[in-house]
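Each chain is listed here by its residues.
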Amino acid sequence: MSLTDPAPREIAAQAIDLHKTYGKGAAEVRALDGVSLDLYAGQFTAIMGPSGSGKSTLMHCLAALDKPTSGEVVVGGRKLGRLRDRRLTALRRDKIGFVFQAFNLVPTLTAQENILLPLSLARRKPEKGWFDQVIDTVGLRPRLDHKPSELSGGQQQRVACARALVSRPDIVFADEPTGNLDSTSAAQVLDFLRHSVDDLGQTIVMVSHDPVAASYCDRVIFLADGRIVDELAKPSREQILAHMADLQSRAMGLAPIGEDA
Amino acid sequence: MLRLTLRNLAAHKVRLLMSTLAIVLGVAFLAGVLTFSHGLDRTFSGIINGSTPDAQVRPANSTTATEDAARPGGGSEAMLRPEAIERLRTLPEVARADGVVQGAGLYVLDTEDKLVSSSGAPTLAFNHTGSPNLLGEPMLELDLGSWPKTEKELVLDGATAEKAGYEVGDAVTLIAPQGETRRKATLTGIAAFNGGGTAGAQLLVFSTAGAQELFTEGKDVYAAVSLTAAPGVSQKELVEAANTVVPDGFEAVTGDKVVAESEDAIGDFLDVISVFLIVFAVIAVIVGAFIIVNTFSILIAQRSRQLALLRALGASRRQVTVSVLFEALVMALIAATIGVLAGWGLAHGLAAVFRQAGLEIASDVLDLTPRTIGISYAVGVFVTLAAALLPSRRAAKVPPVAAMREDTQPPARSTVLRTSVGLVLLAVGLVLAAMPRIGIPEISLPGGFEVPTSPALWVGVGAGVSILSVAWISAFLGRPVLAALRTVSGLVFGMTGKLAGQNAMRDPRRTGATASALMIGLALVSLIGVLAASMNASISDVVEEEFKPDLIVQSPTFTPFPTSIGDEMEKVEGVATVSRSQVAQAVIGKVDLQNPKKNEPAFLFGVDEDMPRIYDLDVLEGSDDVKPGQVLITEEAAKEHKWQLGERIDLTFRSGRQLHPQISGIIAKTQVTGDITVRIEDLVEAKVPREDASLSILLTPGADPAVVHERLDKLVADRPVVAVQDKDEFAESIKGQVNQLLYMIYGLLALAIVIAVIGIVNTLGLSVIERTREIGLLRAIGLSRGQLRRMITLESVTIAVLGAVLGLALGVLFGVLLRDALREDLTSLRVPLDQLAVFMAIAVVVGVLAALLPAIRAGREDVLKAIASE
Ligand SMILES: Nc1ncnc2c1ncn2[C@@H]1O[C@H](COP(=O)(O)OP(=O)(O)O)[C@@H](O)[C@H]1O
Ligand SMILES: [Mg+2]
């Protein structure tokens, strides 16, 4: 938090020198290679980078879905390193929201039940006002009683977003939430995420390799080979494209081939 | 295609292993039962062959030796004198003629003075003569010591000696039927039938003089003669020669005939045992088949994408079907092989159980015969292939385009046809079961077949049809139950409960098929439960209604006892009346000399004058006060023989004496006495030796029943074969026998339930694998491990409770109908609610247990899989 920052911000989540390696010996892959990062509350942050650069791994570690090989993750002021499964589960349920690329919803439950699922699991009642606000922002009120199979891909992702927000988490992680969507549906989802930051004051971290998606964000972090290589504030689509091309050329020959996202 | 099949098998080892287990258990049970029955057969046939001489001289009209041994009271009173045997011995065709002395009512007490139980198998007491059997071998083999020489010596079989704790040289305590009832004899050796074993029978072998002292009041007479043929003389020639000198009332028969008769007699009993066991094996196999159908259906649903790809690449429908069936075949062969081996082990286990119950079966006759192996493999392969046929046809229907589709869930299958056919079948089953109430039509079918009139058979067939059709449409019938269970578990367990309920409803057919396996087991268990409870209630009713004396004295094994016991009891303080009753046998009606088979003796009861006074007989005609020279008959007997009040009937006893009592009363059927009741005095006149079958005791007014009971107990303390019982004890002792059978049936049905549990484990395991991503998602958004385990457990319990609800409903329904069909014997209906509650609880426990493995497995699943398995 430098003094030049106009509005000093609270830190929602923090990564401190994260390392994550897969495999051993010659087959060793350093998915994360010393990542330190502060994610600010009330911001929409994008993590970008070429395929295989470690975006998903970083997000999984930040979201308490995976454990780093070394380093520390802090979410909502709590260090994750020492927490047991039960506490991690509670943390994910109460403090963190998720949106995945696909398969976000439980097929046997209606849209509304899916949205309320984290609360039901915690046996908590939704805050009525907040729930209505989320539903209205996501624009799904007429669809609440539908099963996922009766919703389009974009609608499903918006339900997933609503679910991620309904428990008022400290931070929402979204891994390529628009990866499977056409551009119109993707725009709806991104609009919704933008609104939830601006109007509902949420904190969102989104992994993406789509410059259009990243251009909705307040801050874009670039990852390559498991390291943070750059960062842009409120970039335009063109700025991002230029940066990506730059990174791509630098990473030539180093990045593994054939991996998507 | 072949390689792919094998790959598939290898890839799903664990899942297939579980469903294989269902077949393994079914086949194992079948193979075990077949092996065991075969062993039982061989044991008996070995003993029969090994203990039968070339020819036997025996009282005419007697059927088998075993029957005589078991029924001393009705046994032959005619005896052979030594001169008759001498005459036989001098025939040139006869090499040896050995007089046989045998009898019953003899018991061995152990070293602690307790009766050595033989539970069911007879006690064979006879003299050792050394005569060879029809194979020329000795009938008995001496394992240890020597044969008895004096009157105070005996030889026992090994099992009895061991149970009683006697060793060679010890003094064995015996309870004898006559004379000095408690006596001792020195154990000089241990013997067994030729070929080993006694099939549970107790052997008591005496010297001829010793046996005569016990059974013929010391007179030198014989019950039968064993003949050994001279060299070159056939059995037939031997019998022809013997018959020229055999005294009146006796006949010589060939050893082969004796063997055939014995095997016939024992064969019925053995058939009952093996049919009884095979029924349970068949149930186990049917339940196993359900699990196979289900496993294959699930595996194919999960593999539909791969199958579609194959189809897209040009595999024909036939090839897909064949590959699935081939997979089933390989599985069936493996399962049958394991099953046959396990069955062999199981047969030894069964033999051990029967050995405990006193039925000794030599383990060297428990071999796997080619027939057993053949049947087991055939059943295993047939059932598996039949069960896999439907899923394999479904596999072939997967369209190639499914390979391209995102979701691999098969499209909802139409169930209208299936449901309608199932409902019609169910209706047919219910109507069949209700026929005895509606009225069984008397139509003769073409080909001379008659419509069976046994009401129980109708109910049985109806129940079978109904249970199987319910199993078939369980998806449809289970829906309301599942919905109700979902609501309940949702209310009690919140979201986890609701999710579990939803999961159970996701594929109702899968859930239904899984539950059906349990349903079948529980339907049978609760049906039997209703029958047993009704039987116990009926026993209580009958005892309440008919048990009029204060105490009853009789032998738990219904063996007669000497009259001296009653004499002593009459002297006991507090005893007012001791009413005797005796059981005898006589041929009813004119003796047909041409056709001796028709002269089957019937049981008749002898009573004293007190009996009609003590008991409250339901007199329909005449009076129940039967006097000497009169006879009391039941309505049934009157109908059967077309007898009228006042008519005289003909009774011919074994002694050759005849009675012609006059019918003085007709009574309703009762447990107190038999169809034909005469006075004991008449039996004495007919030369039936006096013994008592039961004593009915009235106390003097004011006497304390407990005190008198105790005095009488003391009196019979050294007579373990006789028990003094009041009304409650009497009812309990009968119920005890019912319950023993009940628990045995429960034990056998437990296997079907174990198989059903495997089915649930299997379905859940497969569902968990299928839902890996969903489970990962739930875990990611905050489902704890505990909640996940609870969710899976609740799903499992839901399946189990569905099975229990359907099973108990069917079981009770058909239990009630069957009771109704048998209402002549089961006079009152009782639905054992407490037991049904226990079964329901068992179902819940079964559900919890079945979920253990899948729940642990799901809990271990990596959260990340939901996201990573793109
Ligand atoms: N479970 C895993 N086992 C082995 N290597 C992995 C695993 N997950 C990710 N990786 C490797 O780690 C690197 C980073 O992966 P990831 O975080 O998924 O990249 P991105 O999301 O940026 O495409 C890649 O080289 C990938 O192959
Ligand atoms: Mg990724």
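Residues numbered from 1 in each chain as written. Chains lettered and ligands numbered in written order. Predicted model: local features only at pLDDT ≥ 70, side-chain atom pairs only at ≥ 80, totals over all residues. Heavy atoms only, no water.

The name an unreviewed UniProt entry gives chain B is Putative ABC transport system permease protein, with Nocardioides albus as the organism. Of chain B, the UniProt comment under Subcellular location (unreviewed entry) reads exactly: "Cell membrane". Recorded under Sequence similarities (unreviewed entry), the UniProt text for chain B is reproduced unchanged: "Belongs to the ABC-4 integral membrane protein family." (UniProt positions renumbered as here; feature names shortened; annotations may be inferred.)

Within an unreviewed UniProt entry, the label attached to chain A reads Putative ABC transport system ATP-binding protein, and the organism entered is Nocardioides albus.

Scanning chain B from N- to C-terminus turns up 25 helices and 23 strands. Counting over 870 residues, chain B shows a buried share of 53%. When contacts within chain B are restricted to residue pairs at least 6 apart in sequence, long-range pairs at least 24 apart make up 82% of them. A total of about 38,100 Å² of accessible surface is found on chain B, and carbon and sulfur atoms cover 60% of it. (Helix = DSSP H or I, 4+ residues; strand = E, 2+ residues; numbered from the N terminus. Buried < 20%, exposed > 50% of the residue type's maximum accessible area, 1.4 Å probe, protein only. Contact = heavy atoms within 4.5 Å. Areas by Shrake-Rupley, 256 points an atom, 1.4 Å probe, with all protein chains shown as cover.)

The subject of this paragraph is the environment of Gly130 of chain B. All names here are of chain B. By secondary structure assignment, the location of Gly130 is in the loop between strand 5 (123–127) and strand 6 (140–145). For Gly130, a relative accessible area of 34% gives the class partly exposed. Residues Gly130 and Arg96 lie 34 residues apart in sequence; the distance between their C-alpha atoms is 9.9 Å.

This part takes up the sheet that holds strand 11 (residues 224–229) of chain B. Residue and element names in this part refer to chain B. A sheet is described by the order of its strands in space; here four strands give the open sequence 2-11-1-12, paired in antiparallel fashion. Single-partner strands in this sheet number two, and they are strand 2 (94–100) and strand 12 (250–254). When strand polarity is set aside, the average angle formed by the axes of neighbouring strands in this sheet is 20°. Two elements, strand 1 (residues 55–59) and strand 12, share five bridges in a ladder whose sense is antiparallel. Each residue of the ladder has a partner; that of Ala55, found in strand 12, is Thr254. Running over the sheet, helix 4 (residues 82–89) touches strand 1, strand 2 and strand 11 and is turned about 165° from strand 2. (Pairing = 2+ DSSP bridges. Axes fitted to C-alpha atoms, helices over the stretch in contact; angles between N-to-C directions.)

Every contact between the two is made by 25 residues of chain A and, on the other side, 25 residues of chain B. Taken over both partners, the interface formed by chain A and chain B buries close to 2,300 Å², and the fraction arising from carbon and sulfur atoms is 64%. At the surface where chain A touches chain B, the tally comes to three salt bridges. Salt-bridge contacts for Arg785 of chain B lead to Asp85 of chain A; the nearest nitrogen and oxygen are separated by 3.8 Å. (Buried area = accessible area lost by both parts, 1.4 Å probe. Salt bridge = Lys/Arg side-chain N within 4 Å of Asp/Glu carboxyl O.)

So, on to the sheet that holds strand 4 (residues 70–75) of chain A. Residues and elements named next belong to chain A. If you walk across this open sheet you meet the four strands as 2-1-4-5, and the pairing is antiparallel. In this open sheet, the two edge strands, each paired with only one partner strand, are strand 2 (29–40) and strand 5 (78–79). Here strand 1 (residues 11–22) pairs with strand 2 via nine bridges, running antiparallel. Bridge pairing in strand 2 links Ala15 to Leu37. Taken strand by strand, helix 1 (residues 55–62) contacts strand 1, strand 2 and strand 4, and its axis lies near 55° from that of strand 2.

Bringing the nonpolar core into the picture now. Leu39, Leu58, Ile96, Leu117, Ile171 and Phe173 of chain A together with Phe36 of chain B are the most contacted members of the largest nonpolar core, which totals 160 residues. Per-element accounting of this core gives the leading share, 18 residues, to helix 21 (residues 727–770) of chain B. Look past the residues within four positions of Ile96 of chain A in its chain and what remains in contact with it is Ala63, Ala64, Val75, Leu91, Pro169, Ile171 and Phe173 of chain A. Ala46, Met48, Ala174 and Val220 of chain A belong to the second-largest nonpolar core, a separate cluster that totals 45 residues. (Core = buried A, V, L, I, M, F, W, Y, C linked by side-chain atoms within 4.5 Å.)

Residue and element names in this part refer to chain A. Summary statistics for chain A give a mean pLDDT of 84 and a share of 92% for residues scoring 70 or more. Mean pLDDT values for the elements of chain A range from 78 in helix 8 (residues 237–251) up to 93 in strand 8 (residues 204–207). Confidence over residues 255–261 falls short of pLDDT 50; this stretch has ten contacts with residues more than four positions distant or in other chains. (pLDDT = per-residue confidence, 0-100.)

Residue and element names in this part refer to chain A. Because side chains alternate across strand 8, one face comprises the buried residues Ile204 and Met206, and the other comprises Val205 and Val207, equally buried. Both strand 3 (residues 44–48) and strand 8 contribute to a ladder of four bridges, which runs parallel. Its bridge partner being in strand 8, Phe44 is matched across the sheet by Ile204. Sheet topology places strand 7 (residues 171–175) next to strand 8; four bridges connect them, and they run parallel. Within strand 8, the position partnered with Phe173 by the bridge is Val205. Each parallel crossover has a hand, and the one from strand 7 via helix 6 (residues 183–198) to strand 8 is right-handed. (Right-handed = clockwise from strand over helix to strand, strands pointing away.)

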